[in-house]
Amino acid sequence: TENSDRKLWRFCIVQLSLETLNYSIIYAFFVFFQSVVDDWIESYKHDRDIALLDLINFFIQCSGCKGVVTAEMFRHMQNSEIIRKMTEEFDEDSGDYPLTMAGPQWKKFKSSFCEFIGVLVRQCQYSIIYDEYMMDTVISLLTGLSDSQVRAFRHTSTLAAMKLMTALVNVALNLSINMDNTQRQYEAERNKIIGKRANDRLELLLQKRKELQENQDEIENMMNAIFKGVFVHRYRDAIAEIRAICIEEIGIWMKMYSDAFLNDSYLKYVGWTMHDKQGEVRLKCLTALQGLYYNKELNSKLELFTSRFKDRIVSMTLDKEYDVAVQAIKLLTLVLHSEEVLTAEDCENVYHLVYSAHRPVAVAAGEFLYKKQEPSASNTLYYKSIIIFILHEHAAYLVDSMWDCATDLLKDWECMNSLLLEEPLNGEEPLTDRQESALIEIMLCTIRQAAECHPPVGRGTGKRVLTAKEKKTQLDDRTKITELFAVALPQLLAKYSVDAEKVTNLLQLPQYFDLEIYTTGRLEKHLDALLRQIRDIVEKHTDIDVLEACSKTYHALCNEEFTIFNRVDIARSQLIDELADKFNRLLEDFLQEGEEPDEDDAYQVLSTLKRITAFHNAHDLSRWDLFGCNYKLLKTGIENGDMPEQIVIHALQCTHYVILWQLAKVTESSSTKEDLLRLKKQMRVFCQICQHYLTNVNTAVKEQAFTILCDVLMIFSHQIMTGGRDMLEPLVYTPDSSLQSELLSFILDHVFIDQDDDNNSADGQQDDEASKIEALHKRRNLLAAFCKLIVYTVVEMNTAADIFKQYMKYYNDYGDIIKETMSKTRQIDKIQCAKTLILSLQQLFNEMIQENGYNFDRSSPTFSGIKELARRFALTFGLDQLKTREAIAMLHKDGIEFAFKEPNPQGESHPPLNLAFLDILSEFSSKLLRQDKRTVYVYLEKFMTFQMSLRREDVWLPLMSYRNSLLAGGDDDTMSVISGISSRGSTVRNKKTKPATGKRKVPEGRTSLFLKFTRTDIHINCPYCSVFFSVTVLVCLNVIFSEQATSDLTWMLAQRQQEEAARQQQERAAMNYVKLRSNLQHAIRRGTSLMEDDEEPIVEDVMMSSEGRIEDLNEGMDFDTMDIDLPPSKNRRERTELKPDFFDPASIMDESVG
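Owing to the predicted nature of the structure, the values given are computational and were not obtained by experimental measurement.

With that settled, consider the overall build of the protein chain. A tally of helices and strands in the protein chain yields 49 helices and two strands. When burial is assessed residue by residue, the protein chain has 50% of its 1154 residues classed as buried. Put simply, 74% of the contacts in the protein chain that link residues at least 6 apart link residues at least 24 apart. Summing over all exposed atoms, the protein chain offers an accessible surface of approximately 57,400 Å²; the carbon and sulfur share of this is 49%.

And the structure:
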C-alpha cells in the first residue's frame, strides 16, 4: 500500500503537468526529493513506461515549458518529434526559466536540481540503470533537448546531462574499486593450498567479477553517449553559461577519476576553452585546472598539457577580468610545485603584479612571490632576498600584497631592528646603504599596515569597519610596536642622523605609537632621548621632507589626552623660541640698509625660514607674530628686486600659513571685530604682495605666488560664509579685473606651452622622461587651481574662453581638466557657458584673421582646427536638446551677430569680413530643436539683404552652408540625428502649438520679423504669423509680402533643391561612415589581444582562431581514440582495442554553434 510519501511523486508530476505552471511545486519537489526518488523507483518497477513518462515531463517542466508529453506521444513519437512539439508549446516571451529566475525560492534551485540527479543515479546504480531502457531513454531525451534552438531546453538539458555524467563517473569509480577488491580476494583464495581452498567461493568471486565487468562496460557506453552526444557539441555553445557548465564538469571528472579522464584527449578541451571570449568560461577552466594541479601526484600526467598551455596561463595573469587574473596567478602558484616549469621570465611577469591597483590580483601575486622565495627558518635571510627584489619606491604596495600570506614574517620587527642595529655575524655580509634604506622602508610600511589596518592609497575602496578580532589584533600590534621602537627609535635616529632619506622614514614611526605606554611602561627617559634626537636633526638638516617629518612627529606627540603632553610641549616651545629669535636677529642684519648681504647670511636666513615654515604647517605659531618679519622681507624683495628666490618662496609660504592659522582662530572661537579687521588687512596686503610677485623674473617664484593666490582667493571667496558663518562676511575678497587678467596671463604663459619650451620649470634637471612627467604634473596643478576659481565663480566665467580654446591643441595634457570645467560651468549657468564657448571660437577666429588676413583658405589646417573644436564643443552639450535649448539658441545669436559685425568696406556686394564664421557656427545647428531652427533662420534673415540671398560665389558658401543647416529637417517631423530627440516627442509638441487658422488681412509691403532672445524662451513676435509655421510657409509669406514675388519664388525653389541635395549627401556620408566604422572595428578586432581593456577579446567560433591553430595545439598529444576507456584493474586482462573515434579534433571549427 502507498503511504503519503509514496504519493508525493505522483502529486508533484500531476501539478507540474497543469497548464498553468506552478513553480512553487518544483521548489517543494526538491525539498523531499529523497522520498520522491524512492517513490519513483517503486513506480518504475511497477510500470516503467508511466514512470519514465513522469521523469520526461519532469525535465520538460524544469526547463520552464508548459507543454506535457502524453502517454500516446511517448509510445508513438520519436524524441525529435516530441521535442519539436514541446518547442511549439514553449512560451519564450518572458525569457525566464527556472535556472535563470531570481528570488529566494529559486536561489537553491540549481543545486537541488543537480543533487536530485545524483540521488537518482545513486539509488538506481545497483539495478535499474543496467536494464538498457531507463538510461537509454533519459540520455536520448537529454541529447535531443541539448541540441534544441530553445535556450531553456538546451541550458537545462545540458546541465542535467553533465550532472548525469558526473554521477555515472562516480558509479564507474566505485565499480573499479569493487573489481580490484574482488580480484584481490580471488587471488588470495586461489593461492591457498588445495585443502583449504573453497571452490564455491572461487566460483562466486569469478561470477561477481564478470558481473562487475559487464556493468562497467555498460557504464562506459552510457558515458560515451553523453560525452559524444552532448559535451563535444555544447562545450562550444553560443551561450557562455552552457560552455561554463561543460568545462566545470569535465574538471570534476578528471579530478574524480584521473585514471580514466586525466589525459590529453580530455585536457585539450580545457586548454582550448582558455581562449574563450567570456571571462566566466575562462574562470571555470582555471578553477578546473587548480583542482588537478593541487594534487602533486597528478603532476606527471599534466606535463604535456603544461608545456603546451603554460604560456597561455601566464598571459591570463593580465586578463581584463580581474577574477580570471586572480585564478590564473593562483594556478601558477600551484604549478610552482613542478620543478623548472616556469622560467625566470614567467615569474618576472607575475612578480610585477604585486604592484597592481586591484588588491586581489596583488595579493595573489604576493603569495606567488612568497612561495617562490621559499622562506627559510631564518627570517633574516628571507628579508635579505626580499630587499634585493623590492623596488624601493613601491614598498607599501609590496607589503600589502604579501600581508595576508606572510603576516608573521612581516611583523617580525625584532628581526628588522637587529639587522639595522646589530653587527653582522661572522661570514655574513653587511647590508649596503641601499639595502638599509629599503629595509627601513619595508619596516615603516609594515608598521603602518598593522596600525591602520587598511591598504595603501589607490588600492581598495576605503576604510572598512574592523571586526572585534581585528581590533584586538590592531591594539596588540600597536602595543608591540611602541614597546620595541620607543627604545630602539632613538638609537636608529642616532645611527642614521645624517641620512635624510632614512631619517624621514624613521621619524614617521611615532605616529603609530600608543603614547600611553610611555607612562605606563616608565619609558620617559626614552622619550627624552627621542626629543633630543629630533632637535639635533632639526639643527642638522634643511631638507624640506626631513623638517616636515620632524614637525609631524612633534604634532603626533603633542596630544593633550596623554600625560607626556607637557614634556613634549615644553621641548617644542623651546625649539620654536630659538628659531624665532634667530630668524629675527638674522633678518635684522640681512635687511640693513647700505650693506650688501653675503651668501652666508642668505643661507642662514633661508635655513631658519625653512625650519619655521615646516613647523608652521602643523603648529599654530601665532604668538610669535611672524607676519611682520615676513612682510618686511617680501616688501624689501619687491623694492630691491634682488632677493634670493628660495627666500621669497618660503617667505610667501610662511605668510600663507600665518593667514590660515589666524582664519582658523577667528572661525573656531568668538573673535572680536578688531581681529577680523586685522586679518582682513593682512590678507589684502598679502594678496597685493603675491600679485606683485606674479611679474617676477623667476619662474619658481611666480608659480608659488600664483598657487598661493588661487588658494587665498578660493578660501576668502563667498564660500567662506557657508555653514552659518555669516560673521565672516567682512573677510570676503573678490579679485578685481586686473588681478583676474594677471592670473589668466600666467596660465597662458606657463601652462599652455610646448614641452620643449618648459626649460625654467625643470630647475636644471636633465631632459629625461621623469622630469617631463613631473613638469607636466606641475602645470596640470596650476591649471586646476585656476579652473577651480572659474567653477566656484571667484573669477568671471568669460575668462574661461582663453582656457576652452586650448581644448583641442592640448587635449592629451589637459583635456580632462578643461572638459570637467566645461561641465561644471554649464551646471552653474548654461547660457553664460554657451556664450563663453562661442567667445573662445571667436577669439581663435580673430587670431587666425590677424595672422592670415581675411582672404584665408577655408581648407587650411587652422580653420579646420577651429571647426573641429566647434564640433567637440557641440558634443559636450549631450543628447537632451530641451535642457540646452536656450543655451544653444543664445550661442547661435552671438555667432550670427559676430559674423555680420564687420561689414565689408568694399560695399554690400562683398561678404562681411567675418562671414566665414558661419561655417564654424553650423557645427552647432544639429543641437537646435526643429522649431528653434526656424527661429534662428528668421533671425539670420534680419542681417541679410536681398542681394545676399542671391549670391552663389564661393565667398558666400559659409552663408549658404549655414542656411542649409538651419533648413535641414524643417519640413518634416524628424529631428537632428545627433540630438537623439525622438520624432514622437516633436510631434507632441507640434500638436500643442497649432498655428492660428483665422483669416487676417494682409497689409501691403513686406512684414518685418523680430527675434527676441531671453533666458526663459526664444520666440518670434510677429503680428501676422505663428512661430511654428514651417519654413515653406514663411517663405511663402515672404513671397506674398514681397514686391519681387518672382525672384523670391525662384529663391525658394532653389533653396528646396539645395536642401534635398544636402539631405542626400548627408545620407551618403552616413552610409560611408557606417561602412568605414565597421571595417575599422573589424580591423581592430583582428589585431586585438585578450588582455586589452578597450576591446572585447575575439575568439572565432567561441574558442579557436583557425584550424592551423588547432593543429599546432594538437601536436604531441594523443588523439587516436575518444571513446571513454576506463582503465583496467591491476590484475585484469587488457581489453580489445577500441574502435577509432569518429570525432576529428579539427572538425570543431566546421560545425556551427547551436
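Here the narrative resumes.
With that settled, the discussion passes to unusual backbone geometry. The backbone of Asp-625 sits at a positive phi, close to 50 degrees, despite the residue not being glycine. Among the structural elements, Asp-625 can be located in the loop between α30 (599-618) and α31 (627-640). Under the relative-accessibility criterion, Asp-625 is labelled exposed at 55%. Notably, Thr-793 is not glycine yet its phi reads approximately 55 degrees, a positive angle. Within the secondary structure, Thr-793 sits in the loop between α36 (769-791) and α37 (801-804).

Summed over all chains, the structure comprises zero disulfides. The cysteine Cys-710 is free of any disulfide, with Cys-787 supplying the nearest cysteine sulfur at 9.7 Å.

Now for α31. End to end, α31 covers 20 Å across 14 residues, agreeing with the expected 20 Å (1.5 Å per residue, within 8%). What α31 keeps buried is the set Phe-627, Cys-629, Asn-630, Leu-633, Leu-634, Thr-636 and Gly-637. Where the residues of α31 are buried, they touch α29 (565-590), α30, α32 (645-668) and α33 (673-693). Positive phi shows up at Gly-641, right after α31, with a value of about 75 degrees.

Time to look at the nonpolar core. Buried together is how nonpolar side chains tend to be arranged in soluble globular proteins. Of all hydrophobic cores here, the largest spans 307 residues; its most connected members are Phe-485 and Ile-803. Considering every element that reaches this core, the biggest residue donor is helix α9 (residues 151-190), with 15 residues. Those residues in contact with Ile-803 that lie beyond four places of it in its chain are Leu-744, Ile-747, Phe-752, Leu-783, Phe-786, Cys-787, Ile-790 and Ile-818.

Turning next to the environment of Phe-590. With respect to the element layout, Phe-590 can be found in helix α29. Phe-590 sits 12 residues away from Ala-602 along the chain, and the two C-alpha atoms are 7.4 Å apart.

So, about the packing of helix α27 (residues 524-540) against α29. The contact between α27 and α29 brings their axes to 11 Å, and the two run at 20 degrees. As summarised for this structure, α27 and α29 are arranged roughly parallel, according to the angle between their axes. As α27 packs across α29, the resulting crossing turns out to be right-handed. Taking contact as the criterion, the partners of Glu-524, Leu-527, Asp-528, Leu-531, Arg-535 and Val-538 in α27 are, on α29, Arg-567, Val-568, Ala-571, Gln-574, Leu-575 and Glu-578. Of the residues contributing to the contact of α27 with α29, the split by class is six nonpolar, one polar and five charged.

Tallied over the full model, the rule gives 37 aromatic pairs. Between the aromatic rings of Phe-898 and Phe-917, the centroid separation amounts to 4.9 Å while the plane-to-plane angle is 75 degrees, which identifies the pairing as edge-to-face. Note that Phe-898 is positioned in helix α41 (residues 885-899) and Phe-917 in helix α42 (residues 917-921), a separation of 19 residues in sequence. In this structure Phe-898 comes out as buried when scored by relative accessible area, which is 9%. Through a chain of ring-to-ring contacts, three or more aromatic side chains come together here, namely Phe-227, Phe-231, Tyr-235, Trp-253, Tyr-257, Phe-261, Tyr-266, Tyr-269 and Trp-272. Its guanidinium or amino end placed over the ring of Phe-877, Arg-826 lies 4.4 Å from that ring's centre, counting from NZ or CZ.

Our next topic: helix α15 (residues 303-315). Given a rise of 1.5 Å per residue, 13 residues ought to cover 18 Å, and the 19 Å separating the end C-alpha atoms of α15 matches this to within 8%. For α15, every residue scored as buried is listed here: Phe-305, Thr-306, Phe-309, Lys-310, Arg-312, Ile-313 and Val-314.

Another point: the layout of surface pockets. When its volume is computed, the second largest pocket comes out at roughly 730 Å³. Ile-649, Gln-653, Ala-700, Gln-704 and Lys-778 are, among the 25 residues lining the second largest pocket, the residues nearest its centre. Looking at the lining of the second largest pocket, the elements that each hand over two or more residues are α28 (544-557), α30, α32, α34 (699-715) and α36. Class assignment for the residues of the lining of the second largest pocket results in eight nonpolar, 10 polar and seven charged.

Bringing the pattern of salt bridges into the picture now. Under the criterion given, the structure shown has 38 salt bridges. The salt bridge partner of Arg-858 is Asp-919, with a shortest N-O separation of 3.0 Å. Remark: Asp-919 occurs in helix α42 and Arg-858 occurs in the loop between α39 (830-852) and α40 (861-875); sequence separation between them is 61 residues. Relative accessible area serves as the criterion here: at 29%, Arg-858 is assigned to the partly exposed category. When the shortest N-O distance is used, the salt bridge between Lys-893 and Glu-897 registers 2.7 Å. A residue pair is termed a helical-turn pair when its members lie 3 or 4 positions apart in one helix, as Lys-893 and Glu-897 do in helix α41 at four residues. Through salt bridges with shared partners, a single ionic network connects Asp-147, Arg-154, Arg-234 and Asp-237.

Let's shift gears to the environment of Arg-478. Position of Arg-478 relative to the elements: it lies in helix α24 (residues 468-495). A C-alpha to C-alpha distance of 5.9 Å links Arg-478 and Ala-451, two positions 27 residues apart in sequence. Sequence-distant contacts of Arg-478, that is, excluding residues within four places in its chain, are made with Ala-451, Tyr-512, Phe-513 and Asp-514.

Do not read the fine detail of predicted coordinates wherever pLDDT is low. Confidence in the prediction for the protein chain averages 79 pLDDT; 77% of positions are at 70 or higher. This model gives residues 1-23 a pLDDT under 50, and the stretch forms 42 contacts once residues within four places in sequence are excluded. For residues 1129-1154, every residue scores under 50 in pLDDT, and the model assigns this stretch 59 contacts once sequence neighbours within four places are set aside.

A separate point is the side chain of Asn-417. Within the secondary structure, Asn-417 is located in helix α22 (residues 413-421). Asn-417 has contacts with Glu-422, Leu-484, Phe-485, Ala-488 and Leu-492, leaving out every residue within four places of it along the chain.

To continue, consider the environment of Arg-234. Summarising the element assignment, Arg-234 is placed in helix α10 (residues 199-234). The buried category is assigned to Arg-234, whose relative accessible area is 3%. As a C-alpha pair, Arg-234 and Arg-154 span 80 residues in sequence and 8.7 Å in three-dimensional space.

A word on the packing of α34 against helix α35 (residues 737-750). Running from N to C, α34 and α35 cross one another at 130 degrees; their axes reach a closest spacing of 11 Å. With respect to each other, α34 and α35 are oriented oblique. The chirality of how α34 crosses α35 is left-handed. Across from Thr-699, Lys-702, Glu-703, Phe-706, Leu-709 and Leu-713 in α34, the residues of α35 making contact are Leu-739, Leu-743, Phe-746, Ile-747 and His-750. Looking at the contact of α34 with α35, its residues break down into seven nonpolar, two polar and two charged.

Mapped onto the fold, Ser-922 is located in the loop between α42 and α43 (930-943). The exposure class of Ser-922 is buried, given its relative accessible area of 15%. Within the local environment of Ser-922, its side chain forms a polar contact with the backbone oxygen of Asp-919, the two atoms lying 2.6 Å apart. Beyond its immediate chain neighbours, meaning those up to four positions away, Ser-922 contacts Ser-961, Tyr-962 and Ser-965.

Now for a negative patch on the surface. On the surface, a cluster of negative charge is contributed by Glu-588, Asp-589, Asp-598, Glu-599, Asp-600 and Asp-601. Secondary-structure elements contributing two or more residues to the negative patch are α29 and α30. Counting residues per element, the negative patch draws most heavily on α30, which supplies three residues. Within the secondary structure, Glu-599 is located in helix α30.

Conventions adopted
- Residues numbered from 1 in each chain as written.
- Predicted model: local features only at pLDDT ≥ 70, side-chain atom pairs only at ≥ 80, totals over all residues.
- Heavy atoms only, no water.
- Helix = DSSP H or I, 4+ residues; strand = E, 2+ residues; numbered from the N terminus.
- Buried < 20%, exposed > 50% of the residue type's maximum accessible area, 1.4 Å probe, protein only.
- Contact = heavy atoms within 4.5 Å.
- Areas by Shrake-Rupley, 256 points an atom, 1.4 Å probe, with all protein chains shown as cover.
- Disulfide = S-S within 2.5 Å.
- Expected span 1.5 Å × (residues − 1).
- Core = buried A, V, L, I, M, F, W, Y, C linked by side-chain atoms within 4.5 Å.
- Axes fitted to C-alpha atoms, helices over the stretch in contact; angles between N-to-C directions.
- Parallel < 35°, antiparallel > 145°, perpendicular 65-115°, else oblique.
- Left-handed = near helix turned anticlockwise from the far one by under 90°.
- Nonpolar A, V, L, I, M, F, W, Y, C, P; charged D, E, K, R; others polar.
- Phe/Tyr/Trp six-rings, centres within 6.5 Å; stacked < 30°, edge-to-face > 60°.
- Lys NZ or Arg CZ within 6 Å of the ring centre and 35° of its normal.
- 1 Å grid on protein atoms, 1.4 Å probe; cavity = no way out; pocket = protein on both sides within 12 Å on 5 of 7 lines; lining within 4 Å.
- Points joined across faces, edges and corners; volume = space filled by probe spheres on them.
- Salt bridge = Lys/Arg side-chain N within 4 Å of Asp/Glu carboxyl O.
- pLDDT = per-residue confidence, 0-100.
- Polar contact = N/O pair within 3.5 Å; in protein donor to acceptor, adjacent residues only side chain to side chain.
- Patch = residues over 30% accessible without salt bridge, like charges linked within 9 Å, V, L, I, M, F, W, Y side chains within 5 Å.
- Lys, Arg positive; Asp, Glu negative; His and termini not counted.
- Charge placed at Lys NZ, Arg CZ, Asp CG, Glu CD.

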